[in-house]
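Structure assessment
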Amino acid sequence: VLLDTSFPVKGFFAISGFLIMKSYTTSYKNLSGLKVYQDFFKKRFFRIFPAYFGVILFCMVIGAYTSSLGLFDFIQSYETVRYLFYNIIFLNFMQLTLPMALENNAHKFLNGSLWTIKIEIMLYCCIPLIFYLFRKLGSGIISLIIFLVSVMWVYFFNSMYDGAYAREISLQFPGQLSYFIFGAYFFINKNFLFKVKRIAIISSIFFFLTIDSDINLIIEPIFFSSIVIFFSTQAYKNLNLGRYGDISYGIYLYHFPVIQLLVFMGLFEFNKWVALFITLALTVSMAFFSWHFIEKRFLHKNS
């Protein structure tokens, strides 16, 4: 179950809630008035967009290389312009492919991982309101309300709505809020962190007991969030994995287009283990380059 592709994504939203609430709290403590919002959103923009723009250009290079169109026809194609425009404004689903690119691949889209970016940005926009409500009404009651709204959204589109793209809609905002708010609550209530290991163990038991029940929709966000926060704040907090740079965002951005390129080149058909090794090497290299030559240059000095 933990190897399901949804676990890393949902775990990401949980730790994101923890870290983004930390970022906003820092801005709130050090500044006042509109400067709080300006500082917070400026840091968020420069953390996300420069590297994101870099991977869009990288995808376009792959598209040009793998397209059966000539370079001039590719560049002036309406689909190319549409891809660049919609991806820059985070509406990736409006144009996932480039003209005549990756024609022999099972999937033609250049980067299937970017769908979470728009949700993350929506969550950024929610943080000032969540923080305000935490202060006015209490973090417990607000977290519970947001958690239940998110779970109800997922339940409705998974179990009651039978229209097109039901599962895809359930994964969109606010379907990921239950994970995000869990992380935000843990940051605000640091004393609660001492209980996160116990919560992870207990919720894991209920998670596997209710795996085929609708109750699992409530248990899953608690289990996934608590286990990720436990490992990232307590179990391995002294590993100092970032001493060579924070390449996590770059790995997220670049792994999919790298895989698509290697599939197009036939490397996975030739030897899947060689392809896996090259995928890891290229992805980490691109992430390392992205951090040191793009991302780090735009970061706020106290981010």
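Right, let's walk through the structure included here. Numbers given for residues are sequential positions, taken from 1 along each chain in its written order. It should be noted that, the model being predicted, local features are given only for residues of pLDDT at least 70 and side-chain atom pairs only at 80 or more, the latter also being counted only at that level, while totals for whole chains, interfaces and linings use all residues. Hydrogens and waters are ignored; side-chain quantities use all the structure's heavy atoms.

**With respect to the packing of aromatic side chains**
Each aromatic pair joins two rings of Phe, Tyr and Trp (for Trp, the six-membered one) with centres within 6.5 Å, and gets the label stacked for planes under 30 degrees apart, edge-to-face for over 60, and tilted for any other angle. Evaluation of the coordinates by the stated rule reveals 36 aromatic pairs. An aromatic cluster of at least three residues, connected via ring pairs, comprises Phe45, Phe46, Phe49, Tyr52, Phe53, Phe90 and Phe298. As a reminder, the over-ring test applies to NZ of lysine and CZ of arginine, requiring each to be within 6 Å of the ring centre and within 35 degrees of the ring normal. A cation sits over an aromatic face here: Lys190 above Phe187, 3.6 Å from the ring centre.

**Digging into the nonpolar core**
Residues Met21, Tyr52, Ile130, Phe186 and Leu253 are the most contacted members of the largest nonpolar core, which totals 69 residues. The helix count covers DSSP runs of H or I at least four residues long, the strand count covers runs of E at least two residues long, and both are numbered beginning at the N terminus. No other element matches the 12 residues that helix α2 (residues 34-66) contributes to this core. Contact partners of Met21, with chain neighbours within four places excluded, come to Ser16, Ile127, Ile130, Phe131, Phe134, Ala184, Phe187 and Ile188. Throughout, nonpolar core names a set of buried Ala, Val, Leu, Ile, Met, Phe, Trp, Tyr and Cys residues whose side chains join them through atoms within 4.5 Å. Think of it in three bands: residues with accessible area under 20% of the maximum for their type are buried, residues over 50% are exposed, and the middle band is partly exposed, with areas taken using a 1.4 Å probe on protein chains only. The contact definition used throughout considers only heavy atoms, calling two residues in contact when any of these lie within 4.5 Å.

**Remarks on the pattern of salt bridges**
Any carboxyl oxygen of Asp or Glu within 4 Å of a side-chain nitrogen of Lys or Arg constitutes a salt bridge here. The tally for this structure, following the rule as stated, stands at four salt bridges. A salt bridge links Glu220 to Lys10, with the shortest nitrogen-to-oxygen separation between them at 2.8 Å. Separated by 210 residues along the polypeptide, Glu220 in helix α10 (residues 216-235) and Lys10 in helix α1 (residues 6-30) bring together distant segments of the chain. On the basis of relative accessibility, which here comes to 12%, the residue Lys10 falls in the buried class. Ionic pairing is found between Glu295 and Arg47, a salt bridge with its closest N-O pair at 2.8 Å. Of the two residues, Glu295 is situated in helix α13 (residues 272-298) and Arg47 in helix α2; the sequence distance between them amounts to 248 residues.

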